Amino acid sequence: MEIRTVSLIILAALTAITIVFFQYFHKNPKQGSLKFLLAALRFVTIFGALLLLINPKFVKQEYFNEKSNLVILMDDSASMENASLEQGIRGKLSEITANKAIKERFSILQYAFGPQLRQTDSFSFQRKHTDIAQALIKTDEIFSNSTNAIILFTDGNQTLGREYSYLNLNKNTSIHPVVVGDTTIYRDISIALVNVNTYAFLKNKFPVEVNISYNGSKPISKTVSITMNGNVAHRETIDFGANENSKTINVLLEAESVGVKSIKVEVQALENEKNKFNNTKETAIEVIDEKTNVAIISDILHPDLGALKKAIETNEQRSVKILKPATQLNQLDDMDILILYQPNNKFNAVYDYIGKTGISVFTIAGTKTNWTFLNQAQQGYFKENLNQKEEILPVINKAFGAFGLSDFAVINFPPLKGFLGNITFKKTEETLLFQQIRGVNLEKPLLSILTDNQQKEAILFGEDIWKWRIQSYRHHRDFENFDAFIGKLMVYLSNDNQKSRLTLDYELVFDDSSLAKIRAHYFDEAYTFDQNSIIKIQLKGKENDFSRESPMLLKGSFFEVDLSDLEAGEYTFTATVEGENLKRSGSFKILDFNPEKQLLSANYKKLKQLAERTNGKVYFPRTIDSLITDLLNTDRFVPIQKSKQNIVSLIDFGSLLFLIALTLALEWFIRKYNGLI
């Protein structure tokens, strides 16, 4: 206890005695034992109160020896299974943990790791992934304030995570890898990477990129095959040499039918190749039908109809039908865009259909257009009907931004025929082409885009557009300039831009079940993410009777279901929002693929580099005795004597408060009983 505290306690005692003396003895002639009893009670009360204010403490010094941590990290992945049995890893581990000298010097902790680190002393060697970097980083964080020796039992091959050989760990941590497995480097040829797009369009070609690696010194020539849904789509022979150990193949494959297409890449194995698991790789692509159906509705015959049909059908994904206004309306149900050519009174039923469905419309007006009818039939624009014909030249609007025009130009294009008159738009409008009449540029639209929340519409105020296609051929010796422009207009009109309230995110092919997850985003009617919704997913196996319904769990800004317990195979699923008529379906495939079997040789080089960066040393199962000896003989891990100060309060606040209350009560009771109050 400090001298200052002792002095305060003495001063408190003297203060209490002084106060009691003046209260009970100074100029107080009364004698008797009662006065001494009351004085004693008053002294205890005052002295106790002063002790509470002083709160005297004393320091208790404790000494102890702090051992260094010996952290044993065991690679629990499948690549360790055979090597651990052959080299008796469990027995080697017991030699370390059972050594008395090691126990005296170190605090021993055992961990196992695959994709995640966990504290355990039992190992299965069945994990399908290895993340050595994460195991080392987590261990370094846990024991950041102590001296640590990490014994890392591993083959040095990892399938996840950062490059562990370049980790920057704390200076008080040293890593001693024990290399498990065969360090012999075998000749091997493997498919390192296969890149494909997620989607391809029907009748289009899509790219496939394959990267093939060769580990060897002898020149070889091997065949690479690419199959799609079991049919050979491409085959070629590639050559490797001592100075050429990597090749990239780029192939364009034809998307001939709609659906998910399984793509398998296989490279011919080497003679006596030990590891053939990495000679094949499988992925998938979904072929979708981008086909756009267009109906040109006209009551007259005109060269524009043929020109539009030719331009639109330049892309094989679009088809055009030329119909009369009196056609059966059910024929329009399969259409994505309607082109209304010079509407008149006979288009009345067609406009009723447009009003009900909100289908995209491209209207071409000309000298045969009934503007009195057209102004009443639609609600997008109004044109003054002066009934005066005029030739109108196009002037492109360079500020147009609804979609890209690329190299489209209208220089020297012939004029279109139309009627004069002011034009008023009732919807949001953006002009693509302005009018030029008799050399004067007018701020009046020739071709405009109209949009609202439910429909897209285009309006051309002139006929004879077939002349533009002919002029395009004169300029460029092909129709591509004009056809590409019409194609862009069709793409714009066919894209409804309606955001789905329920969207799914998943892979078509998962390399193994541990990676299998499906995510969902659900939005309410205001397109705000709804985290209170309940989404369930129904799974079914294509090859068996498997069926299961699972809830999708909220994970921040999305919902997710973990499918890591599924076996390899093909599955279909349907995600449903409870209480809403919203469903999304899909399918995926889980491969019987184990990345731990792709590499058979232990990576001695990286483990040695890791040991050198952390002042450690590389060992083998047969040199465990050397590891134990080195740990015991180094001065770095000698136990350190440390002291710990415990500051203990001299008084018990509760007991002292009770004593003060008791003395006050007794003093008041005695004085009251004897008539002194």
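Residues numbered from 1 in each chain as written. Predicted model: local features only at pLDDT ≥ 70, side-chain atom pairs only at ≥ 80, totals over all residues. Heavy atoms only, no water.

Here strand β20 (residues 389-396) runs beside strand β21 (residues 416-419); their pairing, made up of four bridges, is antiparallel. Bridge pairing in β21 links Ile392 to Leu416. Pairing analysis gives four bridges linking β20 to strand β23 (residues 428-437), with the strands arranged antiparallel. Bridging across to β23, Val395 finds its partner in Phe434. (Pairing = 2+ DSSP bridges. Helix = DSSP H or I, 4+ residues; strand = E, 2+ residues; numbered from the N terminus.)

Glancing now at the environment of Leu607. Tracing the backbone through its elements, the reader meets Leu607 in helix α12 (residues 604-613). Taking the C-alpha atoms as reference points, Leu607 and Val638, separated by 31 residues in sequence, lie 26 Å from one another. Beyond its immediate sequence surroundings of up to four residues, Leu607 is in contact with Leu152, Thr154, Asp155, Gly156, Tyr164, Pro177, Val179 and Val618. (Contact = heavy atoms within 4.5 Å.)

Quick look at the side chain of Thr363 now. Position of Thr363 relative to the elements: it lies in strand β18 (residues 360-365). Contacts of Thr363, omitting those with residues within four sequence positions, involve Leu340, Pro343, Tyr351, Leu374, Tyr381, Glu457, Ala458, Ile459 and Leu460.

Strand order across the open sheet formed by nine strands is β16-β15-β17-β18-β25-β24-β23-β20-β21, with mixed pairing between neighbours. Two strands bound the open sheet, and with one partner strand each, they are β16 (318-323) and β21. Recorded for the sheet is a direction-independent mean angle of 30 degrees between the axes of neighbouring strands. Taken together, the five bridges between strand β24 (residues 440-451) and strand β25 (residues 456-461) define a ladder with antiparallel strand orientation. Bridging across to β25, Thr451 finds its partner in Lys456. Packed on one face of the sheet, helix α8 (residues 348-357) meets β15 (292-298), β17 (337-341) and β18 and runs near 150 degrees to β17. (Axes fitted to C-alpha atoms, helices over the stretch in contact; angles between N-to-C directions.)

Now for helix α14 (residues 653-673). A rise of 1.5 Å per residue sets the reference length of α14, with its 21 residues, at 30 Å; its end C-alpha atoms lie 30 Å apart and thus fit the reference within 8%. Every buried residue belonging to α14 is among Leu656, Ile660, Thr663, Glu667 and Ile670, and all of these are buried. The arc that holds every buried residue of α14, seen down its axis, measures 105 degrees, which confines them to one face. Along α14, the residues that are exposed and aim more than 90 degrees away from the buried face are Phe658, Trp668, Phe669, Lys672 and Tyr673. On its buried face, α14 sits against α1 (3-24) and α2 (33-54). Immediately downstream of α14, the backbone of Gly675 shows phi near 70 degrees, a positive value. (Expected span 1.5 Å × (residues − 1). Buried < 20%, exposed > 50% of the residue type's maximum accessible area, 1.4 Å probe, protein only. Arc of directions from axis to C-beta.)

This part covers the pattern of salt bridges. One pass over the structure, following the stated rule, counts 19 salt bridges. Residues Glu313 and Lys309 are paired through a salt bridge, measuring 3.0 Å at the closest nitrogen-oxygen approach. On the accessibility criterion, Glu313 (31% relative accessible area) is partly exposed. Residue classification places Lys309 among the partly exposed residues on the basis of a relative accessible area of 28%. Note that Lys555 is salt-bridged to Glu560, the shortest N-O span being 3.0 Å. (Salt bridge = Lys/Arg side-chain N within 4 Å of Asp/Glu carboxyl O.)

The next point concerns the packing of aromatic side chains. Counted according to the given criterion, the structure contains 20 aromatic pairs. The interplanar angle of 35 degrees and the centroid separation of 6.3 Å between the aromatic rings of Phe123 and Phe125 together place this pair among those described as tilted. In terms of burial, Phe123 and Phe125 fall into one category: buried. Their ring planes at 70 degrees and their centres at 5.9 Å tell us that Tyr351 and Phe373 sit as a pair that is edge-to-face. Of the two residues, Tyr351 is situated in helix α8 and Phe373 in helix α9 (residues 371-377); the sequence distance between them amounts to 22 residues. Among the aromatic side chains, those forming a connected cluster through ring pairs are Tyr506, Phe510, Phe546, Tyr571, Phe573 and Phe588. The cationic tip of Lys456 hangs over the ring face of Tyr492; the distance from NZ or CZ to the ring centre is 4.2 Å. The positively charged end of Arg469 is found above the aromatic ring belonging to Phe479, 4.0 Å away from the centroid. (Phe/Tyr/Trp six-rings, centres within 6.5 Å; stacked < 30°, edge-to-face > 60°. Lys NZ or Arg CZ within 6 Å of the ring centre and 35° of its normal.)

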